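# A structural walkthrough
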Amino acid sequence: MMKMNKIAEGIWEIPTGAKEGMRVPARILSSEKLIGGIDEGVLDQITNVACLPGIQRYAICMPDAHRGYGFPIGGVAAFDSDEGVISPGGIGFDINCGMRLIRTNLTVDDVKPRLDHLMKELFQAVPSGVGTKGSVRLDRNEFRKVMTDGSQWCLDRGFATENDVDHTEGQGKVSGADPQAVSDKAMARGIDQVGTLGSGNHYLEIEFLSEGDLFRPEIGRVLGIEDIGQIIVAIHCGSRGFGHQIATDYLKIFTQNAAKHGLVFRDRELAAAPIHSPDGVAYYAAMACAANNAFANRQVITHHIRESFAKVFGKPAEAMGLSTIYDVAHNIARFENYDISGQTKRLLVHRKGATRSFGPGNSEVPAGYRGVGQPVIVGGSMETGSAIFVGTADAERDYFGSTLHGSGRVMSRTRAKKQVRGDKLQRDMAARGIMVRTKSLSGLAEEAGFAYKNIDDVSRAVDDLGLSRLVARFHPLANIKG
Amino acid sequence: MRKFDINDRYTVSDIGVSLRADSLTELFIAGAEGMFEIIMGARPTRPAVASQAIDLHADSAEQLMIDWLSELLYGFDTNGLIPVHFDISVSRTDNDSRVSGTIGYCRYDRDTDNAEHEIKAVTYYKLMIQKDGDLYRCDVVFDL
C-alpha cells in the first residue's frame, strides 16, 4: 500500500516524492472508519492524476472514491486553463451523469394507496433498461439545439418551467457546446434517447422524509423540505449513448495525438490534450454538448414524471407542488475561478464522481438558495435512498468547490449476485415497504444495498470535513431500476 | 480455438472478459462473443437475418480491438444488431492492424430478449494482446 501521511482529521496526503512525475501531492479525504477500506488502485490512479501537466494544489479523492478508468471515481483535479490539460478520463464515459430531486406537497399517506398505479405509469412514461428509445422525436437540427441549449431547449419546448431551469446547475447549460465537434456516431446513438433512464445503477425513485432524517430544518425549509412523510422524487441518469460515444471518440484521438502534444501517460485512460490545443478545444465543445444533453434528459424525464403524477392523482402537477429542488452533475469539467497563491486563476475543474459544492453567497447558486449554499444531491443504494447537502465556502476555498457524489461501490456485481437473487431481493424489499420495478432481476441483484458503502459513514465524513453540510436523508418507497 | 471468461476482478463497478485463442482472428471473435454475453446474459441462438461488411484499420492490435468492439456496440445501440456469425480475418503488421470480412446479425427484441447489461464503452484498462506460445491472450474491460 502506498504510504499516506495523515495531516489533519479526515485528511491524508501522498507527497510528490511517492511517484516519479508527480507535480502536486494527492489528498485523500476520508475518515478513520473509511480509510482502511480504500483500494490500492485508487491511490495509484490519483497519484497518476497528480502527474498531469498544469494540475493545481493537489489531486483529490473524495470519501466515496473507488477505482475507475484513468481517474478514480470520486476524483477531483483542477488544471490551469493556460498550461493545463483536459482529460476524458477525468470526466467519465457517462458525461454529466447526475442527479435531480423533485419535491412534492404529497405525503406517504397520499401516495401509498396509489403507488402501484403510479409506478405502472412511471415505468411506462420513462423508458428504462437496455436499448430503450425515448418518446421525444428529434431531427438532427433539433437535436443540435438540445446539445447547445440543454435545459433552455426544454423550456422553449414546454418540457420545463423557469423554476426547473433556475434550479439546475449552471441553469442546465454548459456554454461552449459545438455540435460540429460531435461525431455522426454520437448523433446516431443519442438522437432517440432523450428522456430515457438507461441501465446499470441509474434509477428513478419515489422517496420520503422520515422522522429524525431532517438534520438542518432551517436549511430544509429554504429548499422546500420540511414535512415528515413528504414525498420526494429522485432521478439518477446521464447523457446515455451520446456521451459514451463522445468519450470513446476523444479518448482515441487523444491517445493517437499524445506524442504530437508532447504528452506521455501512465495509463491510456488518462489520455489528455492541452486545453487550448485544437483537440482540447474540440473535446470541451463535445463534452459540453453531452452535458447539455444530460441536463435535457433529466428535464424531459421530469416532464414525464409530472404527467404521470397528474394522471394518477387527477390534478395538475402544480397543485401537487412538483418542483425541482436542484439538479447536479456528477461527471463534468467546468471553468471556474479560484485563488491560487494569492492570485485568481481560471481553472478547468474535472469532477468525476464528484459534485460541485458552492457555499452561501456564491453568485452561481440560485437566488432563493444563496443564503444557505448550493444543494448537493447524493445517491445512496436503491435500498438506502438519497441525501441532500448544501455546499460550503470551505469546500470552495480548499477543494475547488467539490464534494462527494454517492456511497461508492465496494462489492463487484458478480459477488453481489452470488449473495442474493434478484427475485428474492425484490420480495425482501417489498416486505420492507420498498416497491421495485425493473427490466432485469439479475441487474437488480447487482445493485443490492450491501454492494455499496454505508451512506451514513460517507455523509458523516464529508460533513465532518466541511465539504458540504447534510440537510436531510430520504427513504425509498418505490424504485424503477434502469 | 477460442474461449472467453467473464469476470469482474478489474474494478468493483465493471465487468470484463479474459480472452484466449489460437489466432488473432479467433481472439477478436471471442471478444465480440464475450461482450454480447455480458450484454444479453445468454447470446441468442437465432440465425442471422442480416449481414454487413466490416473493414477497420488501426495502428495497433489493441486499438483495433477497441475499435472492433466499439463498432459492434454502436450497431447494437443504434440498430439492435447482435452479431451471431463471423466471417472475418484479422491481420497485423508493425504499424497496421486490420479486421475485415462480413458479420451476420440477428436483431434485439426488447420484448423477449431481456438484456442484462448496458455497456457504455470499451476501455483501454489493462488492455494488452499477448502471445504466449501458440496462444493469444487479452483482457478487455467494459464500462457499465
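Scoring rules and cut-offs
Residues numbered from 1 in each chain as written. Chains lettered and ligands numbered in written order. Predicted model: local features only at pLDDT ≥ 70, side-chain atom pairs only at ≥ 80, totals over all residues. Heavy atoms only, no water. Phe/Tyr/Trp six-rings, centres within 6.5 Å; stacked < 30°, edge-to-face > 60°. Helix = DSSP H or I, 4+ residues; strand = E, 2+ residues; numbered from the N terminus. Buried < 20%, exposed > 50% of the residue type's maximum accessible area, 1.4 Å probe, protein only. Expected span 1.5 Å × (residues − 1). Core = buried A, V, L, I, M, F, W, Y, C linked by side-chain atoms within 4.5 Å. Contact = heavy atoms within 4.5 Å. Pairing = 2+ DSSP bridges. Axes fitted to C-alpha atoms, helices over the stretch in contact; angles between N-to-C directions.

## Digging into the packing of aromatic side chains
All names here are of chain A. One pass over the structure, following the stated rule, counts 15 aromatic pairs over all chains. On the basis of an interplanar angle of 85° and a centroid distance of 5.5 Å, the ring pair of Tyr338 and Phe400 is categorised as edge-to-face. With Tyr338 in strand S12 (residues 331–340) and Phe400 in the loop between helix H12 (393–398) and strand S17 (402–403), the pair connects residues that are 62 residues apart, well separated along the chain. The exposure classification of Tyr338 matches that of Phe400, with both residues buried. In textbook terms, an aromatic cluster arises when at least three aromatic residues are bridged by ring pairs, as seen for Tyr250, Phe254 and Tyr283.

## A few points about helix H1 (residues 24–40) of chain B
Residue and element names in this part refer to chain B. For H1, built from 17 residues, the straight-helix expectation of 24 Å at 1.5 Å per residue is met to within 8% by its first-to-last C-alpha distance of 24 Å. Judged by how many residues are buried, H1 sits mostly within the fold: 15 of 17 residues are covered. Note on H1: the residue one or two positions beyond its end, Gly41, has a positive phi of about 85°.

## Here we look at the nonpolar core
Counting residues in each nonpolar core, the largest one holds 130 residues, and the members touching the most others are Ile28(A), Ile246(A), Met35(B), Met65(B), Trp68(B), Val140(B) and Phe142(B). Looking at this core element by element, the count peaks at twelve residues for helix H11 (residues 278–313) of chain A. Residues contacting Met35(B), with those up to four places away along its chain left out, are Leu69(B), Leu72(B), Leu73(B), Ile119(B), Val122(B) and Phe142(B). Counting residues in each nonpolar core, the second largest holds 50 residues, with Val328(A), Val349(A), Ile388(A) and Val458(A) among its members.

## Considerations on the sheet that holds strand S16 (residues 386–391) of chain A
All names here are of chain A. Judged by pairing direction, the sheet is antiparallel, and its three strands sit side by side in the order S15-S16-S19 without closing on themselves. The strands lining the two open edges of the sheet, one partner per strand, are strand S15 (375–379) and strand S19 (468–473). If you compare each strand with its neighbour and ignore which way they point, the axes differ by 30° on average. Pairing between S15 and S16: five bridges, direction antiparallel. Following the sheet pairing, Val378 is matched in S16 by Ala387. Along the sheet, helix H16 (residues 455–465) makes contact with S15, S16 and S19, crossing S19 at roughly 145°.

## Quick look at H11(A)
One full turn of an α-helix is made of 3.6 residues, so residues set three or four places apart face in the same direction. Residues and elements named next belong to chain A. Look at H11: 53 Å from first C-alpha to last across 36 residues, which is about the 52 Å you get at 1.5 Å a residue. The buried fraction of H11 amounts to 30 of the 36 residues, a majority that puts the element mostly inside the structure. Directly beyond the C-terminal end of H11, a positive phi value near 70° is found at Gly314.

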